[in-house]
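# Structural overview
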Amino acid sequence: MKGFWWLWLCLGVFGLATAAPASAQKGQVAAAQPVETSTLAALADRTLRLRANRQTFDQRAQVFLAEGNVEMRLGRSVLRADRLRLELQQRRAVAEGNVSVELEQQRLQGSRLEYDFEQERGVLEEAFGQLDLGQLPAAGLSPQRLVRFRAARIRFDANSWEGERVQLTNDPLEPPELEIRSPRVTSTLQADGSSLLLAEVGQVVFDQVFFLPLPLRLRFDSLKRQPPLSLFYDDFDRKELRRGLILQANIELLQDPHLSLVFSPQLYPQRLWGSLQGIRDGVGLRAELRWQQPPAQTSLFAELRGVVFEEFAQRLRAQLEHRVTTGNGGQVTYTYAYRERFFSGRLGFQIVENRFGASYSSPTLRLGNTGLDFRYRLAADYLDALGQLGTIDPDPQRALANTKERIQLARLQLGATLTRSFPLWRPPKSAAEPPPRFSALPVEQGIWLNTGLSSSQSFYSNGRTQSYTAGSIGLEAVIGAFVADAFDYTNLRVTYSNGFLAGASPFLFDRITTREQLVLGFLQQLYGPLRVGAETALDLQSGQQVDITYRLSYDRRTYGLSLQYNPLRQSGALELRVEGLNWDPSGDPLEPRGALLPES
């Protein structure tokens, strides 16, 4: 938005520097003459042009008037209005009637605009327009996503603007499916040229019928954030520490674009009635600190499951992580984690008491014109977890029963994947295809054959190794595009993988116990925005189901509500998605990771 304020500043300089004739002909173009000032020196490569049906200049009153289809251009910024009045002595500009200002993908409109050049402040009445969220430094947002707004009044200066009685919507259609109504919205220009957008306490309106109060203000910036309220289920841990249903409020304490501190009190309703510790066992605390200074980001997470301080070490989970993005898009990560959880398939959940580590994850590399995508990861860790230094039990159940001691070893891990997808069928596209009614993004229909080759090599400081190399092949079909009311979207997935396994990890949390696996999944529209889906993984050698997730969701273009539950992991979540907000309900760094090659 910075160019918007420069536009008005240059307009004042233009008015002061131009000796306009008494009258001008229809369609005449006026250009500012060069003036040796520091302001114009910064704009030496930009030209100011004004076009109107009629232009007049009152030399005695020092007032310049332009009427009828007024259009002023400065670089890629455009101002349009029915009438424009420049009062040179008062250093004030007034634009009236169908006022419109365009800058890149952002557009402001209103009925009347006043601007004071002396104070560098202005007011736009009955304002409306759109913001391109790609212009805001919000990492999780699509650069094509526009947010429309309407305000009774916008007050602005060179670095910020403030709207009164503002309505924001991410829906391009009328009436909007979702609308955020706030008595006050502010946008502030940051030192790096980005904008920080804040919406004060207000309401979220769904389909112009259902109103949800906003107890906290919303923030648009470069950091992913937790929604104001989280509801999830987590029943994995020792019996005396299982929490069950969890209600979590997320309160942001720091309001800096590069720094975020979120304090999250937790309530465990099932523990309140089922524990001898009472209220101390029925509440918990969680804190999340993120500091971002590109290309690096540092994060600290801590969670205390109950305020029973006699068992502080057993109830605390924490993680400190520093990530650096390299010039080619790779990522270097340094991590310390305390009581980190991993889901290990047939071995279930495992807790790593301590992990010090560093890793490098490559970007996805396209290998020439072959269509092959290649990724690799290198990691070195010092680990403290349950394991077997002597004889290793090959049977998962016996290993779980016989492993009681923690061991400490260093591990070097190398992993790589090579994938390619082959389109087998795609329906012909038509220019007249209607947009999807129940999806934020266009739906690509078709059938694809997906192939892959992966390898993981692990070396431990006690001399043991674990090597697994596998190939996979699968089909994915997407039929329907959410145009009809019912059964107009079906997503089916099936993937078979098999490989060679040599050696075994001395730890339980990263021991590979499933060599041959079949993954099945589907997602089906039932009626309107209502969908149902499931995904399961089967160990074909033992016939055991090693993972399964059920999903029920209500998804529209601009928002959605989903319920997920995994009976094997004993976890679930109720998530609210609002398209265009940088809420990240599934981004909990303390949630379980995969055992083979953890995401970094």
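The subject of this paragraph is the overall build of the chain. A count of helical and extended segments in the chain gives six helices and 37 strands. Counting every atom, the chain has about 29,400 Å² of accessible surface; 56% of that belongs to carbon and sulfur.

Turning our attention to the pattern of salt bridges. For the structure on display, the rule yields 41 salt bridges. Across the pair Glu-87 and Arg-92 runs a salt bridge, and its minimum N-O distance is 3.1 Å. By relative accessible area, which is 27% here, Arg-92 ends up partly exposed. Through salt bridges with shared partners, one network takes in Arg-83, Arg-85, Glu-87, Arg-92, Glu-96, Arg-112 and Glu-114.

With that settled, the discussion passes to the packing of aromatic side chains. This model, assessed by the stated rule, comprises 12 aromatic pairs. With 4.6 Å between their ring centres and 35° between their planes, Tyr-336 and Phe-356 make a pair best called tilted. Of this pair, Tyr-336 sits in strand β24 (residues 331–343) while Phe-356 sits in strand β25 (residues 349–361); the two residues are 20 residues apart in sequence, bridging distant segments of the chain. On the basis of an interplanar angle of 55° and a centroid distance of 5.7 Å, the ring pair of Phe-507 and Phe-509 is categorised as tilted. For the pair formed by Phe-507 and Phe-509, the shared burial category is buried. An aromatic cluster is present here, built from Phe-206, Phe-210, Tyr-554 and Tyr-559 joined pairwise through their rings. When the ring centre of Phe-128 is taken as reference, the NZ or CZ atom of Arg-150 above it lies at 4.9 Å.

Turning next to the nonpolar core. With 40 residues, the main nonpolar core has Val-99, Leu-124, Ile-154, Leu-168, Leu-178, Ile-180 and Val-185 as its most contacted residues. Top contributing element to this core by residue count: strand β10 (residues 146–157), with five residues. One finds Val-352, Leu-383, Ile-407 and Tyr-460 within the second-largest nonpolar core, a separate group that totals nine residues.

Reading fine detail from the predicted coordinates is not recommended where pLDDT is low. Taken over all residues, the pLDDT of the chain has a mean of 81, while the share at 70 or more is 78%. Contacts of residues 1–46 to residues separated by more than four positions or lying in other chains number 87 contacts, the stretch itself having pLDDT below 50.

The next subject is the environment of Gln-89. For Gln-89, the location among the structural elements is in the loop between β6 (77–87) and β7 (92–103). Accessibility expressed as a relative area gives 54% for Gln-89, which makes it exposed. Here the alpha-carbon distance between Gln-89 and Val-63, two residues 26 residues apart in the chain, equals 8.0 Å. Setting aside residues up to four positions removed in sequence, Gln-89 forms contacts with Arg-60, Ala-61 and Gln-62.

Attention now goes to a nonpolar patch on the surface. Taken together, the side chains of Ile-251, Leu-253, Leu-254, Phe-263, Leu-285, Leu-289, Leu-300 and Leu-320 define a hydrophobic patch exposed on the protein surface, amounting to about 610 Å² of accessible area. Within the element layout of this structure, Leu-285 appears in strand β21 (residues 283–293).

This next bit is on unusual backbone geometry. In this model, Pro-294 is joined to Pro-295 through a cis peptide bond whose omega is 10°. Its location among the elements puts Pro-295 in the loop between β21 and β22 (296–304). If you check the backbone angles, Arg-165 has positive phi at about 50° while not being a glycine. Within the secondary structure, Arg-165 sits in strand β11 (residues 160–169). Its identity as a non-glycine residue notwithstanding, Arg-339 has a phi of 55°, on the positive side. Along the chain, Arg-339 falls in strand β24. Taking the relative accessible area as the measure of exposure, Arg-339 reaches 6% and is therefore buried.

As for its position among the elements, Thr-335 is in strand β24. Residue Thr-335 is classed as buried on the basis of its relative accessible area of 8%. Only 3.5 Å separates the side chain of Thr-335 from the side chain of Glu-321, close enough to count as a polar contact. Beyond its immediate sequence surroundings of up to four residues, Thr-335 is in contact with Gln-319, Leu-320, Glu-321, Arg-355, Phe-356 and Gly-357.

Following the sequence through the fold, Gln-457 ends up in strand β29 (residues 446–460). For the pair Gln-457 and Gln-413, spaced 44 residues apart in the sequence, the C-alpha separation amounts to 5.7 Å. Ignoring any residue separated from it by four or fewer positions in sequence, one finds Gln-457 in contact with Leu-412, Gln-413, Leu-414, Gln-466, Ser-467, Tyr-468 and Thr-469. Side chain to side chain, Gln-457 and Ser-455 meet in a polar contact 2.8 Å long. A polar contact of 2.6 Å, which involves the side chain of Gln-457, links it to the side chain of Ser-467.

Below, the discussion takes up the side chain of Gln-413. Its place among the elements puts Gln-413 in strand β28 (residues 406–425). On the basis of relative accessible area, Gln-413 is assigned to the buried category, the value being 2%. A polar contact is formed between the side chain of Gln-413 and the side chain of Ser-458, at a distance of 3.4 Å.

With that settled, the discussion passes to the pairing of β24. With respect to burial, β24 is a largely interior element, 10 of its 13 residues being buried. Bridge count between strand β23 (residues 316–325) and β24: eight bridges; the pairing is antiparallel. Paired with Leu-320 across the strands is Tyr-336, a residue of β24. In this structure, the hairpin formed by β23 and β24 is closed by a connection of five residues, where Gly-329 is found at a positive phi of approximately 95°. As defined by bridge partners, β24 adjoins β25 across 12 bridges and the pair is classed as antiparallel. Paired with Tyr-336 across the strands is Phe-356, a residue of β25. The hairpin turn running from β24 into β25, its antiparallel successor, is five residues long, and Gly-345 in that turn takes a positive phi close to 65°.

Here the focus is the environment of Pro-442. Mapped onto the elements of the fold, Pro-442 is located in the loop between β28 and β29. Residue classification places Pro-442 among the exposed residues on the basis of a relative accessible area of 71%. Along the sequence, Pro-442 and Ala-481 sit 39 residues apart, while their C-alpha atoms lie 7.8 Å from each other.

Cut-offs and rules
Residues numbered from 1 in each chain as written. Predicted model: local features only at pLDDT ≥ 70, side-chain atom pairs only at ≥ 80, totals over all residues. Heavy atoms only, no water. Helix = DSSP H or I, 4+ residues; strand = E, 2+ residues; numbered from the N terminus. Areas by Shrake-Rupley, 256 points an atom, 1.4 Å probe, with all protein chains shown as cover. Salt bridge = Lys/Arg side-chain N within 4 Å of Asp/Glu carboxyl O. Buried < 20%, exposed > 50% of the residue type's maximum accessible area, 1.4 Å probe, protein only. Phe/Tyr/Trp six-rings, centres within 6.5 Å; stacked < 30°, edge-to-face > 60°. Lys NZ or Arg CZ within 6 Å of the ring centre and 35° of its normal. Core = buried A, V, L, I, M, F, W, Y, C linked by side-chain atoms within 4.5 Å. pLDDT = per-residue confidence, 0-100. Contact = heavy atoms within 4.5 Å. Patch = residues over 30% accessible without salt bridge, like charges linked within 9 Å, V, L, I, M, F, W, Y side chains within 5 Å. Polar contact = N/O pair within 3.5 Å; in protein donor to acceptor, adjacent residues only side chain to side chain. Pairing = 2+ DSSP bridges.

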